[in-house]
Amino acid sequence: MKNWGEGKAFLAAILASGVALAGMFGVASVIRHGQSSIAIPAFATSTQPAMKPLEPTADAAHGRHLFLMNCAHCHGDDARGEEGPDLHDLHRSDARIHEVITAGIKGEMPSFGKKLGDPDVRQLITYLRTLHG
Amino acid sequence: MNSLFWERAHGGLTHLPIALIFAAAFFDALAFFCRRSRKRGEFKAIGYWLVIVGALGCFGAVFSGLLLSNGTIGGTGAVLRHHYFVWPAFTLIVGLATWRFLVGRDPSRRAFTLYLGIMLVGCSLIGAAGFFGGEMLLGH
């Protein structure tokens, strides 16, 4: 291939960058609005209905109540994520989740250590463990 | 394919282009500073191909990230900070690779100096994007 002049190549590079960025923004739009059209099954969306707990227990039920009162405004009623992340299929240990809930994340998530006691946090974790899919 | 799958796919698809782009910058810098070396042409050839393959790899990295985040361009918190650096880095690397591809392996000294300077900015942006990406996983 014959090499281009540097100035001409510079203009082409700017054009290619713009096209690539616009293309990726377009892909993002397609993913946001038409996930079914690109056939990605079981893909987490905030519009999907919440999965029902497989085996609801008293702890999980109370945990869900705590979740709706304290967490849902950031993580969504169905815990599929809104401002905060999707909490389905968490692959963190109970201890780690406990730590995050009680200590919070600097600049990201408030601490609930003063508001929720240890049994509350454990019930919350029990509820989170029922969220699959 | 749930969000955990895309989290792993994004991690896998991201590190290869990062490594390729950094290596491209390294070999191009070698070519720039070792002007009298007999290997100079080879360094330039390595930098040339690495930046092109790395830029192609960036598409996979960005695409998997979009799938992971449900098509989020901005977001909030750590995701937003990650994206502040991802989009400029992606744009810059695609532009640099396109320019290099079109100009060939041996641009003028002046153009190559400018290219290396912008490459340094691109590597810094990639590094920052990677840092905040890692913060999302390991920072809490």
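Conventions adopted
- Residues numbered from 1 in each chain as written.
- Chains lettered and ligands numbered in written order.
- Predicted model: local features only at pLDDT ≥ 70, side-chain atom pairs only at ≥ 80, totals over all residues.
- Helix = DSSP H or I, 4+ residues; strand = E, 2+ residues; numbered from the N terminus.
- Buried ≥ 20, exposed ≤ 12 C-beta atoms within 10 Å, placed from the backbone.
- Contact = placed C-beta atoms within 7 Å.
- Nonpolar A, V, L, I, M, F, W, Y, C, P; charged D, E, K, R; others polar.
- Axes fitted to C-alpha atoms, helices over the stretch in contact; angles between N-to-C directions.
- Left-handed = near helix turned anticlockwise from the far one by under 90°.
- Parallel < 35°, antiparallel > 145°, perpendicular 65-115°, else oblique.
- Core = buried A, V, L, I, M, F, W, Y, C linked by C-beta atoms within 7 Å.
- Expected span 1.5 Å × (residues − 1).
- pLDDT = per-residue confidence, 0-100.

Digging into the overall build of chain B
Here comes step 1: Within chain B, the regular secondary structure consists of 4 helices and 0 strands.
Here comes step 2: Taken from N to C terminus, the helices and strands of chain B fall in the order α-α-α-α.
Here comes step 3: Per-residue burial for chain B yields a buried fraction of 44% across its 140 residues.
Here comes step 4: Here the contacts in chain B between residues at least 6 apart in sequence split such that 77% fall between residues at least 24 apart.

A closer look at the interface of chain B and chain A
Here comes step 1: Of the residues lining the interface, 28 residues belong to chain B; the matching set on chain A comes to 33 residues.
Here comes step 2: Going through the elements one at a time, helix H1 (3-33), helix H2 (40-68) and helix H3 (77-103) of chain B are the ones with two or more residues in the side of chain B that touches chain A.
Here comes step 3: Counting residues per element, the side of chain B that touches chain A draws most heavily on H3 of chain B, which supplies 11 residues.
Here comes step 4: Taken together, the residues of the side of chain B that touches chain A sort by class into 16 nonpolar, 12 polar and no charged.

Some remarks on the packing of H2 of chain B against H3 of chain B
All names here are of chain B.
Here comes step 1: Contact geometry for H2 and H3: axes closest at 9 Å, N-to-C directions at 145°. Handedness of the H2/H3 crossing: left-handed. Contact residues: Tyr-48, Val-51, Ile-52, Gly-54, Ala-55, Cys-58 and Val-62 in H2; Phe-90, Ile-93, Val-94, Leu-96, Ala-97, Arg-100 and Phe-101 in H3.
Here comes step 2: Partitioning the contact of H2 with H3 into residue classes produces 12 nonpolar, 1 polar and 1 charged.

Structural notes on the packing of helix H1 (residues 6-33) of chain A against H2 of chain B
Describing two packed helices takes the angle between their axes plus the distance from one axis to the other.
Here comes step 1: At a closest axis distance of 10 Å, the pairing of H1 of chain A and H2 of chain B adopts a crossing angle of 25°. Taken together, the axis directions place H1 of chain A and H2 of chain B in an arrangement best described as roughly parallel. Relative to H2 of chain B, the crossing made by H1 of chain A is right-handed. Residue-level contacts link Met-24, Val-27, Ala-28 and Ile-31 of chain A of H1 of chain A to Val-62, Phe-63, Leu-66 and Leu-67 of chain B of H2 of chain B.
Here comes step 2: Per-class residue counts for the contact of H1 of chain A with H2 of chain B are 8 nonpolar, no polar and no charged.

A closer look at the nonpolar core
Nonpolar side chains in soluble globular proteins generally cluster together in the buried interior.
Here comes step 1: Counting 47 residues, the largest nonpolar core has Ile-21, Val-51, Ala-89, Ile-93, Val-94 and Leu-96 of chain B as its most contacted members.
Here comes step 2: Broken down by element, this core gets its largest block of residues, 14 residues, from H3 of chain B.
Here comes step 3: Core analysis: the second largest hydrophobic core is formed by 12 residues, Ala-79, Val-121, Tyr-127 and Leu-128 of chain A among them.

With respect to H2 of chain B
Here comes step 1: Taking 1.5 Å of rise per residue, the 29 residues of H2 of chain B would be expected to cover 42 Å, and the 41 Å separating its terminal C-alpha atoms lies within 8% of that figure.
Here comes step 2: A positive phi of about 60° marks Asn-70 of chain B, the residue just after H2 of chain B.

Side note on unusual backbone geometry
All names here are of chain A.
Here comes step 1: Of note, Ala-79 is a non-glycine position whose phi angle comes to about 60°, a positive value.
Here comes step 2: Positionally, Ala-79 belongs in the loop between helix H3 (72-75) and helix H4 (94-103).
Here comes step 3: One non-glycine residue with positive phi stands out, namely Asp-89, at about 55°.
Here comes step 4: By the element assignment, Asp-89 lies in the loop between H3 and H4.
Here comes step 5: A residue is classified by how many C-beta atoms lie within 10 Å of it, and Asp-89, with 15 of them, is partly exposed.

Structural notes on helix H5 (residues 118-128) of chain A
Here comes step 1: Among the residues making up H5 of chain A, those that are buried are Val-121, Gln-123, Leu-124, Ile-125, Tyr-127 and Leu-128 of chain A.
Here comes step 2: Its buried side turned inward, H5 of chain A meets helix H2 (58-70) and H4 of chain A.

Topic: the environment of Ile-101 of chain A
All names here are of chain A.
Here comes step 1: Mapped onto the elements of the fold, Ile-101 is located in helix H4.
Here comes step 2: Along the sequence, Ile-101 and Val-121 sit 20 residues apart, while their C-alpha atoms lie 7.3 Å from each other.
Here comes step 3: The residues touching Ile-101, leaving out its near neighbours within four places in the chain, are Phe-112, Leu-116, Val-121 and Leu-124.

Thoughts on the environment of Gly-60 of chain B
All names here are of chain B.
Here comes step 1: Considering the arrangement of structural elements, one finds Gly-60 in helix H2.
Here comes step 2: Judged by the 16 C-beta atoms lying within 10 Å of it, Gly-60 is partly exposed.
Here comes step 3: Gly-60 sits 47 residues away from Leu-13 along the chain, and the two C-alpha atoms are 6.3 Å apart.

Thoughts on the confidence of the model for chain B
All names here are of chain B.
Here comes step 1: Put simply, chain B has an average pLDDT of 89, and 94% of its residues get 70 or more.
Here comes step 2: Looking over chain B, one finds the lowest element-wise mean pLDDT in H1, namely 89, and the highest in H2, namely 94.
Here comes step 3: Overall fold confidence for the complex sits at a pTM of 0.66, while the interface term, ipTM, reaches 0.88.

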